[in-house]
Amino acid sequence: MSLALAGVLVVGLLLTGFVAPGFFLRQNHVPTASSSPSSAGSTSADPSPATSSYSRNSPSQLQAARAVTEEFLKRLNADAIDGPDGAKAMACPGSESLLGGTLLAVEAPTQLAIPTQGETRFRDPVIEVDITGVTNQRAVTGYVRLQPWQDHEPCVRILHIH
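Just so you know, the residues in each chain are numbered from 1, in the order the chain's sequence is written. Local features in a predicted model are, by the rule used here, given only for residues with pLDDT of at least 70; side-chain atom pairs are given and counted only at 80 or more, and totals for whole chains, interfaces and linings are based on all residues. Working from all heavy atoms in the structure, the side-chain values ignore hydrogens and water.

*Asks:* So what's going on with the side chain of Arg 157? Residues and values would help.
*Replies:* Its place among the elements puts Arg 157 in strand 5 (residues 155-161). One buried charged residue, Arg 157, forms no salt bridge at all, with the nearest opposite charge on Glu 96 at 8.1 Å. Between N or O atoms, a polar contact is any pair within 3.5 Å; within protein, one atom must be a potential hydrogen donor and the other a potential acceptor, and residues adjacent in sequence are included only when both atoms are from side chains. Only 2.9 Å separates the side chain of Arg 157 from the side chain of Ser 95, close enough to count as a polar contact. Numbering of helices and strands starts at the N terminus; helices are DSSP runs of H or I of at least 4 residues and strands are runs of E of at least 2. Burial classes follow relative accessibility: with a 1.4 Å probe on protein chains only, a residue under 20% of its type's maximum area counts as buried, one over 50% as exposed, and anything between as partly exposed. Counting rule applied: Lys, Arg positive; Asp, Glu negative; His and chain ends not counted. Each reported salt bridge corresponds to a side-chain nitrogen of Lys or Arg within 4 Å of a carboxyl oxygen of Asp or Glu.

See below:
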């Protein structure tokens, strides 16, 4: 009985780690303006760390998530799933198996894209980009969920299509 309970607790902990990205890894805060030298002209244009190009909810982070999603969809549309140039290679560290499981729903021929009226939104602690298209001869809609990073472009956490 105690072995079953321990198994349930471990599974719950793992699920919590995936549902709340960053649960296992602490995010470093963006340095404040006072911690790095800056020119006199940039201090008035950059009043707070929230306007940094790597701020978690900045427009540049949302644009980066959209660009990563476009590349991810390009790989899926080319049926490039595995390998160093495949869609799985764009997974966040620790998300490879989770993303791999969701990619099972994607089968050629695939034509996925970000719709013209699609939304890119920040949902703490992730970014979601709407997608639509066709996979395996069926119309689908959904989103790509990305993890924003402070020092590089976002990575793909999961693909959700229905």
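*Asks:* A description of helix 3 (residues 59-77) should follow, citing residues and the corresponding values.
*Replies:* Between its first and last C-alpha atoms helix 3 spans 27 Å; for 19 residues at 1.5 Å apiece the expected length is 27 Å, and the two agree. Among the residues making up helix 3, those that are buried are Gln 61, Ala 65, Val 68, Thr 69, Phe 72, Leu 73, Arg 75 and Leu 76. Burial along helix 3 is one-sided: seen end-on, the buried residues are contained in an arc of 155 degrees. Across helix 3 from its buried face, at more than 90 degrees, point the exposed residues Pro 59, Gln 63 and Lys 74. Looking at the packing, one finds that the buried side of helix 3 touches helix 4 (96-102), strand 1 (110-113), strand 3 (126-135), strand 4 (138-147) and strand 5. Just beyond helix 3, the residue with positive phi is Asp 79, at close to 60 degrees. One less than the number of residues in a helix, times 1.5 Å, gives the span that helix is expected to have. Along the arc lie the directions from the helix axis toward the C-beta atoms. Whether two residues are in contact is decided by their heavy atoms: any pair within 4.5 Å suffices.

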